[in-house]
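Fold and contact review
In case you want the letters, here they are:
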Amino acid sequence: MTIFSKIAAGEIPSYKCAEDEHFYAFLDINPVTKGHTLVIPRHEVDYIFDLPDDEIAAFEVFAKKVAVAIKRVFGCRKVAQVVLGLEVPHAHIHLLPMNTEADVDFHNKKSDIPEEEFREISQKIYAEFQKL
């Protein structure tokens, strides 16, 4: 079982931003920028393009709703979608609020965000997601 599966199952705490029976979204604990959210399928698959067509379509639709919620919370110009990461063998999409392309530079120093702010951000995104 991957760390992401354990997070989605509630075995490891996370800052939940959205969920349904197939997908789960939570704040990245090493964010590139405030609001950096990870979106995962609940079942384990290592490579996003190994998902069947109908699942990848549903995954993108779910991620789109999370992106809309993030944009509403942060008032950013756009929400970037990035698919990368070899460190966790579980398909995931990074969603990052952005006003400039520099906001999506994974080589930047990770944002230092207090726990209370993580909690507030996730609650705001979750509330906006529920309106969709």
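Source: prediction; values computed, not measured.

Each value, and the rule that gives it
Residues numbered from 1 in each chain as written. Predicted model: local features only at pLDDT ≥ 70, side-chain atom pairs only at ≥ 80, totals over all residues. Heavy atoms only, no water. Helix = DSSP H or I, 4+ residues; strand = E, 2+ residues; numbered from the N terminus. Buried < 20%, exposed > 50% of the residue type's maximum accessible area, 1.4 Å probe, protein only. Polar contact = N/O pair within 3.5 Å; in protein donor to acceptor, adjacent residues only side chain to side chain. Contact = heavy atoms within 4.5 Å. Pairing = 2+ DSSP bridges. Axes fitted to C-alpha atoms, helices over the stretch in contact; angles between N-to-C directions. Disulfide = S-S within 2.5 Å.

Moving on, we come to the side chain of His36. Within the secondary structure layout, His36 lies in the loop between strand E2 (23-27) and strand E3 (37-41). A relative accessible area of 1% places His36 in the buried class. There is a polar contact of 2.7 Å between the side chain of His36 and the side chain of His94. Those residues within four positions of His36 in sequence are excluded, and the remaining contacts are Phe26, Leu27, Asp28, Asn30, Pro31, His94, Leu95, Leu96, Pro97 and Phe106.

Next up on the list: the sheet that holds E3. Spatial ordering of the open sheet is given by E1-E2-E3-E5-E4, a layout of five strands whose pairing is antiparallel. Looking at strand neighbours, the two that pair on one side only are strand E1 (16-19) and strand E4 (78-82), the edges of this open sheet. Sheet twist, expressed as the average angle between the axes of neighbouring strands with direction ignored, equals 20°. With three bridges joining them, E3 and strand E5 (residues 93-98) adopt antiparallel strand pairing.

For the structure on display, the rule yields zero disulfides. Note on Cys17: no disulfide assigned, nearest cysteine sulfur contributed by Cys76 at a separation of 13 Å. Residue classification places Cys17 among the buried residues on the basis of a relative accessible area of 0%.

With that settled, the discussion passes to the side chain of Thr37. Looking at where Thr37 falls in the secondary structure, it is placed in strand E3. The exposure class assigned to Thr37 is buried, which follows from its relative accessible area of 0%. A distance of 2.7 Å separates the side chain of Thr37 from the backbone oxygen of Gly35, its partner in a polar contact. Once you skip the residues sitting within four places of it in the chain, Thr37 turns out to touch Cys17, Ala25, Phe26, Leu27, Asp28, Val66, Ile70, Ile93, His94, Leu95 and Ile125.

Another aspect to go through is the pairing of E1. Where E1 and E2 come together, three bridges link them in antiparallel fashion. Looking across to E2, one finds that Glu19 is bridged to Tyr24. Taking the residues that link successive antiparallel strands as the turn, the E1-E2 hairpin has three residues.

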